[in-house]
Amino acid sequence: MVVKTHSKGRGVTGLHIGATNVRRYFPKHISVIELQLDHLQIQCGLEPDFWQGQPEIHDPRLCSWLESKNFNTRPDRTPVPLALIPAGKNCFRLQPVTLSGHSQAQLKPWQAPNPAA
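A few points on the structure. What you are looking at is a predicted structure, and each value in this text was computed from that prediction instead of being measured.

1. Here we look at the environment of Pro48
And then number 1: Counting through the fold element by element, Pro48 comes out in the loop between β4 (40-45) and β5 (56-57).
And then number 2: Its relative accessible area of 59% is what places Pro48 among the exposed residues.
And then number 3: With 17 residues separating them along the chain, Pro48 and Ser31 place their C-alpha atoms 8.2 Å apart.

Below is the structure:
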């Protein structure tokens, strides 16, 4: 699924999941998910509002990881699309999306994105 970065002000960046993705991928009874961020694995709590019109995930470690990847430094502060890939029960892997809309892990070697495009 494609999600987007979400800024709640200076220094607080999280993920906007989207209502459709929440209904499809997140059972209402869960309160915690695991996120795989490169070599780091963290647990993030889901607020009750997550299922009621505010489908966002905020966590200081997630914010730090997004900042380290420069996903929050667009001058116009537009959201950055990212791939959130199911990786087990209540577990997801977060990674960049290429210009073609595919996550880098899904591309075959012969489908590598063309940086000149």
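2. Observations concerning the side chain of Asn21
And then number 1: By the secondary structure assignment, Asn21 is in helix α1 (residues 19-25).
And then number 2: Among the polar contacts listed, one links the side chain of Asn21 to the backbone oxygen of Val2, at a separation of 3.3 Å.

3. Quick look at the pattern of salt bridges
If the charged atoms of two oppositely charged side chains come close together, the side chains can form a pair.
And then number 1: Following the criterion strictly, the structure yields 2 salt bridges and no others.
And then number 2: Residue Lys69 pairs with Asp38 through a salt bridge whose shortest N-O separation is 2.7 Å. Remark: Asp38 occurs in the loop between β3 (32-37) and β4 and Lys69 occurs in the loop between α2 (60-68) and β6 (81-86); sequence separation between them is 31 residues.
And then number 3: When the shortest N-O distance is used, the salt bridge between Arg61 and Asp59 registers 2.8 Å.
And then number 4: We classify Arg61 as partly exposed; its relative accessible area is 40%.
And then number 5: Overall, the relative accessible area of 11% leaves Asp59 in the buried class.

Definitions and limits used
- Residues numbered from 1 in each chain as written.
- Predicted model: local features only at pLDDT ≥ 70, side-chain atom pairs only at ≥ 80, totals over all residues.
- Heavy atoms only, no water.
- Helix = DSSP H or I, 4+ residues; strand = E, 2+ residues; numbered from the N terminus.
- Buried < 20%, exposed > 50% of the residue type's maximum accessible area, 1.4 Å probe, protein only.
- Polar contact = N/O pair within 3.5 Å; in protein donor to acceptor, adjacent residues only side chain to side chain.
- Salt bridge = Lys/Arg side-chain N within 4 Å of Asp/Glu carboxyl O.

Nothing here speaks to function; it is all geometry.
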